[in-house]
Amino acid sequence: YVPAKWVALMAATEKLACAQTLDDVTEIVRGAARGVSGAEGITFVRLLNDRCNYVAEDATGPLWEGQNFPKEQCVSGWAMMHGEVTIIPDIYDDDRVPVAAYSQTFVKSMVMTPIGPKPAPAAIGAYWSEKGDPTEETLTLLGLLARHVEMAMRNIAL
């Protein structure tokens, strides 16, 4: 028996190996990240010209797909600039979160996983409607997905 989250990761890995464009990568992340993390919402953010560009959003409520923000004003920017997984168990208890931006959304906790070392070119975000830490398995799977996305992005750049 292989847990569904691991099956989702393996399927995404196979698709990422065949990705030919960044749009392909975006669609693969959009389809896989929720299954890998069990999150209620997913985002894929790329760092372009010192701005966080929300290129994909898969959430139960509309958030920021197609919008961009200065990297200093968003959690994804913090994760990309520091090259560290950012775990926020309570968005209302973390100074890195622009709380006003989230007040009209379902989001109560999140994880932002950078894709690559600092400064990372992109990040995968996972959102939950309940406060709390994600499981170690979820963090591991998001990290593995991010590594495969990084490799796909490097291959495309070649």
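See the structure shown above.
To keep things clear, this report deals only with the structure shown in the data block.

Counted according to the given criterion, the structure contains five salt bridges. Salt-bridge contacts for glutamate 27 lead to arginine 30; the nearest nitrogen and oxygen are separated by 3.3 Å. Residue glutamate 27 and its partner arginine 30 are both found in helix 2 (residues 22–37); the two are separated by three residues, about one turn of the helix. We classify arginine 30 as partly exposed; its relative accessible area is 21%. Note that lysine 131 is salt-bridged to aspartate 90, the shortest N-O span being 3.5 Å. With lysine 131 in the loop between strand 6 (122–128) and helix 5 (136–157) and aspartate 90 in the loop between strand 4 (86–88) and helix 4 (99–102), this residue pair connects regions lying 41 residues apart in the sequence.

Pairing in this open sheet of six strands is antiparallel, and the strands run 3-2-1-6-5-4 from one edge to the other. Each edge of the open sheet carries a strand with a single partner, namely strand 3 (68–70) and strand 4. Direction aside, neighbouring strands of the sheet carry axes that sit 20° apart on average. The sheet contacts of helix 3 (residues 75–82) involve strand 1 (41–48), strand 2 (51–58), strand 4, strand 5 (109–115) and strand 6, and relative to strand 5 the element is tilted by about 35°.

A few words now on the nonpolar core. Within the largest apolar cluster, 29 residues are counted, with the highest numbers of intra-cluster contacts made by Val25, Phe44, Ile115, Ile124, Leu145 and Val149. Among the secondary structure elements, those contributing two or more residues to this core are helix 1 (4–18), helix 2, strand 1, strand 5, strand 6 and helix 5. In contact with isoleucine 115, other than residues within four places in its own chain, are Phe44, Ala120, Pro121, Ala122, Ala123, Ile124, Ala146, Val149, Glu150 and Met153. Among the nonpolar cores identified, the runner-up in size contains 21 residues, and Trp64, Met80, Met110 and Ala120 belong to it.

What follows covers helix 2. Given a rise of 1.5 Å per residue, 16 residues ought to cover 22 Å, and the 22 Å separating the end C-alpha atoms of helix 2 matches this to within 8%. The sharpest bend along helix 2 comes to roughly 30°, located at glycine 31. When we look at burial in helix 2, the residues that qualify are Val25, Thr26, Ile28, Val29, Ala32, Ala33, Val36 and Ser37. On its buried face, helix 2 sits against helix 1, strand 1, strand 2, strand 6 and helix 5. Immediately beyond the C-terminal end of helix 2, within one or two residues, lies glycine 38, with a positive phi of roughly 75°.

Turning next to the packing of helix 2 against helix 5. Closest axis-to-axis distance for the helix 2/helix 5 pair is 11 Å, and the angle between their directions is 170°. In this view, helix 2 runs roughly antiparallel relative to helix 5, as classed from their interaxial angle. Where helix 2 abuts helix 5, its residues Leu22, Val25, Val29, Ala33, Val36 and Ser37 lie against Thr138, Leu141, Leu142, Leu145, Val149, Ala152, Met153 and Ile156. Per-class residue counts for the contact of helix 2 with helix 5 are twelve nonpolar, two polar and no charged.

A separate point is a nonpolar patch on the surface. There is a patch of nonpolar side chains on the surface, built from Val2, Val7 and Met10 and spanning about 250 Å² of accessible area. Inspection of the secondary structure assignment puts valine 7 in helix 1. Using a relative accessible area of 42% as the deciding quantity, one classes valine 7 as partly exposed.

Turning our attention to the side chain of glutamate 150. Counting through the fold element by element, glutamate 150 comes out in helix 5. Filtering out sequence-adjacent residues up to four positions away, glutamate 150 remains in contact with Ile115, Gly116 and Pro117.

As a further point, take helix 3. Along helix 3, the residues that are buried comprise Val75, Ser76, Gly77, Ala79 and Met80. Each element contacted by the buried residues of helix 3 is listed here: strand 1, strand 2, strand 4, strand 5 and strand 6. Directly beyond the C-terminal end of helix 3, a positive phi value near 65° is found at glycine 83.

Rules of the game
Residues numbered from 1 in each chain as written. Predicted model: local features only at pLDDT ≥ 70, side-chain atom pairs only at ≥ 80, totals over all residues. Heavy atoms only, no water. Salt bridge = Lys/Arg side-chain N within 4 Å of Asp/Glu carboxyl O. Helix = DSSP H or I, 4+ residues; strand = E, 2+ residues; numbered from the N terminus. Buried < 20%, exposed > 50% of the residue type's maximum accessible area, 1.4 Å probe, protein only. Pairing = 2+ DSSP bridges. Axes fitted to C-alpha atoms, helices over the stretch in contact; angles between N-to-C directions. Contact = heavy atoms within 4.5 Å. Core = buried A, V, L, I, M, F, W, Y, C linked by side-chain atoms within 4.5 Å. Expected span 1.5 Å × (residues − 1). Bend = angle between axes of the 7 residues up to and from the residue. Parallel < 35°, antiparallel > 145°, perpendicular 65-115°, else oblique. Nonpolar A, V, L, I, M, F, W, Y, C, P; charged D, E, K, R; others polar. Patch = residues over 30% accessible without salt bridge, like charges linked within 9 Å, V, L, I, M, F, W, Y side chains within 5 Å. Areas by Shrake-Rupley, 256 points an atom, 1.4 Å probe, with all protein chains shown as cover.

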